[in-house]
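Observations on the three-dimensional arrangement
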Amino acid sequence: MLATTLRALSEAVSKIDIMYHHALLHNIFTMSIWYYNRDTRDALLDLIIRLSAVADQYLRECLQMLVNNFTPPGPLVPKIEDKRWEAKRKEIYSQLHESLKMISDTVPLAPRVLKDIINRSMPKLFDNKVKMVSFVECMLGLDTERLGDLIGTSLLEKVVDLLTELDVNITWEDILQEEHSKGIFEMELEDLANGVDNFGQETEVLFGGNVCANKLDGLMVVVCKHLKSCAEHGCLKREFDILKTIFRKGVLKVHKSKFAQFIMFYACSLDPEICGLDFALFLTDIFTKKEDDAIARMSAVSYVGSYLSRARFISADTVVAILKRLVDWCIDHCERQKKRHTRTKNPVEHQIFYASCQAVMYVLCFRLRSIMDYPNLKSQLFKMNIRSILMDPLEPLKVCLPSIVNEFLRQAKAARLFNASVDLELEDRIDSDLSKAFGGVNRLDMFFPFDPYLLKESDSYIRPNFEFWSLVKTTYSDDEGDELGDFDAPGMNVDSLDDNFDIELNSDDDDIEYTMNKMSITPHRSFYHPMAMSGDSGLSMPARIRPSVSPPS
């Protein structure tokens, strides 16, 4: 009966009879289509479409009514996650999308007004998770065809802003507990050894009561589904290009970003040859060019180091090509310093150089073994003058994170990467004062943007393409009984190594406690647990899980 009444009202619109019934119109504009069956919803939406075209008089009210229906009304919120509602929910989204498309095609002003209404109606930090996820899911459905071309960038920007806001409001103080002497590569295997399935259980413990994390997790699922749909419909590259611009503007330098950046990681995994390569080059260009400020360039090189290390879908030849650009930039920086009349070793002054050196070593900790499996790539790597930058008077080995330096030197020795001795004492390589002074508060210690992903629900989108330390085949693993045999990559022909290369460390290997079998993620900031020297680790580290954080802008 309601459907019949609504159809009669639709017919009255053309006769202008309904225009004078303001109370009736108000009731129509506040109706929720979620309560009604398909026939009634069709009738109501047809009325809204007709009203929107009446001399633009009710355009804003009509569009607001449709946007209000992106989320279910309060009484239905507890039911909306029920599987039995899934078909109806998708049907309602489809009807809303079709109605908005028809209004947009009919009223030229509609996309601009719709963009403003969506901006004003975006979920806020403390909104209900179900409403938040429902709104974003329906909104992203508009990012297609004509509407996508008109307002797609704005839609994605608002979504990324929301992800980032939730991300930075996830606090970590309750997570940092008892283990303060771990190195950066220590914790992943520890959880594996304790029977934890690569953070699956740990995630539930850490974030079970964290409201912001739960909301972010749900939204990450929605965004990943959207990106996957874009890939299936051949429009991923368009979406990726928009995301790249948003990332540079709103994520790259964000303080305490931990998970929002993984939308880029996932998008790249859907198209490694185009998007995956593009993102690596994009980050490298930001780093090597002088147009951006130092914080952006440091963040970019940290991102590229973490990305090349963690993205399984990035080929070894791409890794080598990017490494060459980083090494060449470092060499050029060292040469410029040699020409200066006065040289300083102030870490802050050379922060971009040190960040790049650390990125190179970090990537090789993860990828050196796989590079050595390809003779042509091995040859290219050996031709890079990595030794010259590490032995430069700027002494990056003293400034970079000691656990990365130690692991890199250990793998370099096993791979015979250098043809000259590295004459550094262990305590000289681990210089906490310089590392702490670099770029602010432990800057080198803290920024590894693609640390292991800790959101449970959306983890399935990231995990298949993410490189855990437990899965890394190191250059020295054959010499140690291959402790991680179950996880190792295909075997490497050790006999193929060039016997002409040699390296010596001015320290006794037995004196170094290499706990790299237990991979950790980024150390926390020093004001949670102050940096302290230890006979084995050299650094004070947090317990279990802590965030990667970029420096304050």
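Residues numbered from 1 in each chain as written. Predicted model: local features only at pLDDT ≥ 70, side-chain atom pairs only at ≥ 80, totals over all residues. Heavy atoms only, no water.

The chain is annotated in an unreviewed UniProt entry as RNA polymerase I-specific transcription initiation factor RRN3 from Urochloa decumbens.

Relative orientation of the contacting elements helix 12 (residues 236-250) and helix 13 (residues 262-270) amounts to 155°, with a least axis distance of 11 Å. Judged by the inter-axis angle, helix 12 sits roughly antiparallel to helix 13. Considering the relative orientation of helix 12 and helix 13, their crossing is left-handed. The segment helix 12 lies against helix 13, with Leu 236, Phe 240, Leu 243, Lys 244 and Phe 247 engaging Ile 263, Met 264, Ala 267, Cys 268 and Leu 270. The residue makeup of the contact of helix 12 with helix 13, split by class, is nine nonpolar, no polar and one charged. (Axes fitted to C-alpha atoms, helices over the stretch in contact; angles between N-to-C directions. Helix = DSSP H or I, 4+ residues; strand = E, 2+ residues; numbered from the N terminus. Parallel < 35°, antiparallel > 145°, perpendicular 65-115°, else oblique. Left-handed = near helix turned anticlockwise from the far one by under 90°. Contact = heavy atoms within 4.5 Å. Nonpolar A, V, L, I, M, F, W, Y, C, P; charged D, E, K, R; others polar.)

Turning next to the packing of helix 15 (residues 294-310) against helix 16 (residues 316-338). With their axes 11 Å apart at the nearest point, helix 15 and helix 16 run at an angle of 150° to one another. The orientation of helix 15 relative to helix 16 falls into the category roughly antiparallel. For the pair helix 15 and helix 16, the crossing hand works out as left-handed. Contact residues: Arg 297, Val 301, Val 304 and Leu 308 in helix 15; Val 319, Ile 322, Leu 326 and Trp 329 in helix 16. Classifying every residue of the contact of helix 15 with helix 16 by side-chain character gives seven nonpolar, no polar and one charged.

A separate point is helix 3 (residues 38-52). Here helix 3 is 15 residues long and its end C-alpha atoms lie 21 Å apart, about the 21 Å a rise of 1.5 Å per residue gives. Those residues of helix 3 that sit buried are Thr 40, Arg 41, Ala 43, Leu 44, Leu 45, Leu 47, Ile 48, Ile 49, Leu 51 and Ser 52. (Expected span 1.5 Å × (residues − 1). Buried < 20%, exposed > 50% of the residue type's maximum accessible area, 1.4 Å probe, protein only.)

Moving on, we come to the side chain of Asp 392. Along the chain, Asp 392 falls in the loop between helix 19 (386-390) and helix 20 (396-399). Only 2.9 Å separates the side chain of Asp 392 from the backbone nitrogen of Leu 394, close enough to count as a polar contact. (Polar contact = N/O pair within 3.5 Å; in protein donor to acceptor, adjacent residues only side chain to side chain.)

Time to look at the layout of surface pockets. Empty pockets left among the atoms are what a rolling probe the size of a water molecule brings to light. A volume near 1,100 Å³ is recorded for the largest pocket. When residues of the lining of the largest pocket are traced back to their parent elements, those giving at least two are helix 5 (86-106), helix 7 (129-140), helix 8 (145-168) and helix 11 (211-232). The leading source of residues in the lining of the largest pocket is helix 5, at eight residues. Taken together, the residues of the lining of the largest pocket sort by class into eleven nonpolar, nine polar and 16 charged. (1 Å grid on protein atoms, 1.4 Å probe; cavity = no way out; pocket = protein on both sides within 12 Å on 5 of 7 lines; lining within 4 Å. Points joined across faces, edges and corners; volume = space filled by probe spheres on them.)

Quick look at the nonpolar core now. Counting residues in each nonpolar core, the largest one holds 164 residues, and the members touching the most others are Phe 70, Phe 279, Tyr 307 and Phe 408. Of all the elements, helix 17 (residues 351-372) adds the most residues to this core, at 16 residues. (Core = buried A, V, L, I, M, F, W, Y, C linked by side-chain atoms within 4.5 Å.)

Both the distance between ring centres and the angle between the ring planes are used here to describe each pair of aromatic rings. Evaluation of the coordinates by the stated rule reveals 28 aromatic pairs. Arranged with centres 5.5 Å apart and planes meeting at 75°, the rings of Phe 247 and Phe 279 form a pair that is edge-to-face. Linking Phe 247 in helix 12 with Phe 279 in helix 14 (residues 272-288), this pair joins segments that are 32 residues apart in sequence. For Phe 247, a relative accessible area of 2% puts it in the buried group. On the accessibility criterion, Phe 279 (0% relative accessible area) is buried. (Phe/Tyr/Trp six-rings, centres within 6.5 Å; stacked < 30°, edge-to-face > 60°.)

On to unusual backbone geometry. The phi dihedral of Glu 395 is positive, around 50°, even though this residue is not glycine. Residue classification places Glu 395 among the partly exposed positions, given a relative accessible area of 24%. In the Ramachandran plot, Arg 416 falls in the positive-phi region, its phi being about 55° despite a non-glycine side chain. Within the secondary structure, Arg 416 is located in the loop between helix 21 (402-415) and helix 22 (426-429). Judged by its relative accessible area of 31%, Arg 416 is partly exposed.

What follows covers the environment of Cys 334. With respect to the helices and strands, the residue Cys 334 is situated in helix 16. Considering only alpha carbons, one finds Cys 334 and Leu 394, 60 residues apart in sequence, at a separation of 8.0 Å.

Another aspect to go through is the pattern of salt bridges. Within this structure, the stated rule accounts for 28 salt bridges. Between Glu 86 and Lys 90 there is a salt bridge, and its shortest N-O distance comes to 3.3 Å. Taken together, the residues Glu 86 and Lys 90, both in helix 5 and four residues apart, mark about one turn of the helix. On the basis of relative accessible area, Lys 90 is assigned to the partly exposed category, the value being 46%. One connected set of salt bridges, linked through shared partners, spans Arg 38, Arg 41, Asp 42 and Glu 91. (Salt bridge = Lys/Arg side-chain N within 4 Å of Asp/Glu carboxyl O.)

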